[in-house]
Amino acid sequence: MSSVPEKATPGFLVWRLSMKWRVAVDRAVAPLGLTHAQYSLVASLYGMDREGLRPSQRRLADHTGLEALYVSKLARALEAAGVVDRTRDPADPRAIQLTLTDEGREIARRAIRVVQGLLDQLLEPLGGLDGERTKAFSRELATLLDVPLDPQAETDAHRGIGPHRDNDRHPDKEQS
């Protein structure tokens, strides 16, 4: 029997799944000296490095979905740990470029293998990473990630101004 409430909303389910994933990744990469957020940066940098890119902190923030200020904080901590090098961008002295150190590349390779194992485990019920259900699920998630959200509209809805969301009319539904 599932531990998820029967009438759970999609928002609640996305939240629960993201929390489950974050906790699992945090635990899995902790022995490598990383947090989930740091892993997101290191793995992204590793992939970008393989494509010949040296992203700015801003570009990495856009890529990961993290706030630029948070990426800066994480990058400074990773630099202090010897995992990342931070250098001024010669084309824009205001921008900071990020690269993995040799040690950072090795940590990234190890962390990616560990997280790949978690992903295989998580997606097993959908047929594994290469399963048709997983591919469809990934397309659906990408569609949702592409939907722009208007923070002002959300604020207005909570104040009772303007059009109401469906869940606002159904107080018995869980919201997230």
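Calculation rules
Residues numbered from 1 in each chain as written. Predicted model: local features only at pLDDT ≥ 70, side-chain atom pairs only at ≥ 80, totals over all residues. Heavy atoms only, no water. Helix = DSSP H or I, 4+ residues; strand = E, 2+ residues; numbered from the N terminus. Buried < 20%, exposed > 50% of the residue type's maximum accessible area, 1.4 Å probe, protein only. Contact = heavy atoms within 4.5 Å. Areas by Shrake-Rupley, 256 points an atom, 1.4 Å probe, with all protein chains shown as cover. Salt bridge = Lys/Arg side-chain N within 4 Å of Asp/Glu carboxyl O. Expected span 1.5 Å × (residues − 1). Axes fitted to C-alpha atoms, helices over the stretch in contact; angles between N-to-C directions. Parallel < 35°, antiparallel > 145°, perpendicular 65-115°, else oblique. Nonpolar A, V, L, I, M, F, W, Y, C, P; charged D, E, K, R; others polar. Patch = residues over 30% accessible without salt bridge, like charges linked within 9 Å, V, L, I, M, F, W, Y side chains within 5 Å. Pairing = 2+ DSSP bridges.

The protein chain goes by MarR family winged helix-turn-helix transcriptional regulator in an unreviewed UniProt entry, where it is assigned to Streptomyces sp. R35.

Novice: Requested: an account of the overall build of the protein chain, with residues and values cited.
Specialist: If you tally the helices and strands in the protein chain, you get seven helices and two strands. Helices (α) and strands (β) of the protein chain occur, in sequence order from the N terminus, as α-α-α-α-β-β-α-α-α. With 176 residues in all, the protein chain has 29% of them scored as buried. Residue pairs in contact within the protein chain that sit at least 24 positions apart in sequence constitute 45% of those at least 6 positions apart. Of the roughly 11,900 Å² that the protein chain leaves accessible, carbon and sulfur atoms contribute 55%.

Novice: Give me the side chain of T99: which residues, what numbers.
Specialist: Within the secondary structure layout, T99 lies in strand β2 (residues 92-100). With residues up to four places along the chain from it excluded, the contact list for T99 reads R54, V83, V84 and D85.

Novice: With reference to specific residues and values, describe the pattern of salt bridges.
Specialist: Inspection of the entire model under this criterion finds seven salt bridges. In this structure, R94 and D92 form a salt bridge, with 3.1 Å as the shortest nitrogen-oxygen distance. For the salt bridge of D102 with R105, the shortest nitrogen-to-oxygen distance reads 2.8 Å. Highlighted residues: D102 and R105, both in helix α5 (residues 102-123), separated by three residues, approximately one helical turn.

Novice: Let's hear about helix α4 (residues 68-80): which residues, and what values?
Specialist: Counted at 1.5 Å a residue, the expected span for α4 with its 13 residues is 18 Å, and the 18 Å between its end C-alpha atoms agrees. The complete set of buried residues in α4 reads V71, S72, L74, A75 and L78. Looking at the buried residues of α4, the elements they touch are α2 (36-50), α3 (57-64), β1 (84-89) and β2. Phi turns positive one or two residues past the end of α4, at G82, with a value near 80°.

Novice: Explain the packing of α2 against α5 to me, and be specific about the residues and the numbers.
Specialist: How two helices sit against one another is set out by the angle between their axes and by the gap between those axes. Viewed as axis vectors pointing N to C, α2 and α5 meet at an angle of 110°, and their least axial separation amounts to 9 Å. One way to sum up the angle between α2 and α5 is to call them roughly perpendicular. When α2 is examined against α5, the residues Y39, V42, A43, Y46 and D49 are found in contact with a partner set consisting of G104, R105, A108, R109, A111, I112 and V115. In the contact of α2 with α5, the residues fall into eight nonpolar, one polar and three charged.

Novice: Let's hear about a nonpolar patch on the surface: which residues, and what values?
Specialist: Taken together, the side chains of L17, F137, L141 and L144 make up a nonpolar region of the molecular surface, amounting to roughly 330 Å² of accessible area. Considering each element in turn, the nonpolar patch owes the most residues, three residues, to helix α6 (residues 132-145). Within the secondary structure layout, F137 lies in helix α6.

Novice: Mind laying out the pairing of β1, listing which residues take part and the relevant values?
Specialist: By the bridge criterion, six bridges tie β1 to β2 in an arrangement that is antiparallel. Paired with T87 across the strands is Q97, a residue of β2. Between the end of β1 and the start of β2, which pair antiparallel, lie two residues.

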